[in-house]
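Listed here are the chains, written in short residue letters.
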Amino acid sequence: MVDDRLSRVFSALADPIRRDMVARLAVGDATVNELAEPYSVTVQAVSKHLKVLEDAGLVSRGRQAQRRPVHLEAEVFDLMTKWIERYRQEAERRYQRLDVVLAELATEETEQTRAEGEAS
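As the structure is a prediction and not an experimental result, all values here were calculated from the model.

Basis of the calculations
- Residues numbered from 1 in each chain as written.
- Predicted model: local features only at pLDDT ≥ 70, side-chain atom pairs only at ≥ 80, totals over all residues.
- Heavy atoms only, no water.
- Core = buried A, V, L, I, M, F, W, Y, C linked by side-chain atoms within 4.5 Å.
- Buried < 20%, exposed > 50% of the residue type's maximum accessible area, 1.4 Å probe, protein only.
- Helix = DSSP H or I, 4+ residues; strand = E, 2+ residues; numbered from the N terminus.
- Contact = heavy atoms within 4.5 Å.
- Phe/Tyr/Trp six-rings, centres within 6.5 Å; stacked < 30°, edge-to-face > 60°.
- Axes fitted to C-alpha atoms, helices over the stretch in contact; angles between N-to-C directions.
- Parallel < 35°, antiparallel > 145°, perpendicular 65-115°, else oblique.
- Nonpolar A, V, L, I, M, F, W, Y, C, P; charged D, E, K, R; others polar.

*Asks:* Whenever I open this one, the nonpolar core confuses me. Can you help?
*Replies:* A general tendency of soluble globular proteins is for nonpolar side chains to be buried together. Leu50, Leu53 and Leu58 are the most contacted members of the largest nonpolar core, which has 22 residues in total. When residues of this core are traced back to their parent elements, those giving at least two are helix H1 (2-12), helix H2 (16-27), helix H3 (32-36), helix H4 (43-55), strand S2 (70-72) and helix H5 (75-119). Excluding residues that lie within four positions of it along the chain, Leu50 makes contacts with Met21, Val32, Leu35, Val59, Arg61 and Val70.

Next comes the structure, spelled out in structure tokens:
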């Protein structure tokens, strides 16, 4: 189910360290040790974070000789973008309807003020 996957993705990105790791991986693949460098946490803690990201489909782990790089799976962002865009468009339509109502109210107020001025 798409919503379950989406929930896992947003839940995985709720943690600032995991968001930072995703930002780092957007630049290029990295090993667990490379991802652990900027944090004052253990490599095991970083591995747990990566497991959450991997379960959400945001990253995958490869193998290049002795190196096991972590790779960002960019297509997951398409899923998120489509979900966000659907609600952004709905909000935009609501704002456009509100703009129409406000413009009508302003026109009515202007006409009423003009009519009151002519009556006096």
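Text resumes after the structure shown.
*Asks:* Please explain the packing of aromatic side chains as it appears in this structure.
*Replies:* Considering all chains together, one arrives at two aromatic pairs under this definition. Three or more aromatic residues link up through ring pairs in this structure, and these residues are Phe10, Trp83 and Tyr87.

*Asks:* Any chance you could explain the environment of Gly117 here in plain terms?
*Replies:* Tracing the backbone shows Gly117 in helix H5. Taking the C-alpha atoms as reference, Gly117 lies 72 Å from Val46; in sequence the two are 71 residues apart.

*Asks:* Please explain the packing of H2 against H4 as it appears in this structure.
*Replies:* A pair of packed helices can be characterised by two numbers: the angle between their axes and the separation between those axes. At a closest axis distance of 10 Å, the pairing of H2 and H4 adopts a crossing angle of 75°. With respect to H4, the axis of H2 lies roughly perpendicular. Between H2 and H4, the contacting residues are Ile17, Arg18, Met21 and Val22 on the first element and Val46, His49, Leu50, Val52 and Leu53 on the second. Here the residues of the contact of H2 with H4 are counted per class, giving seven nonpolar, one polar and one charged.

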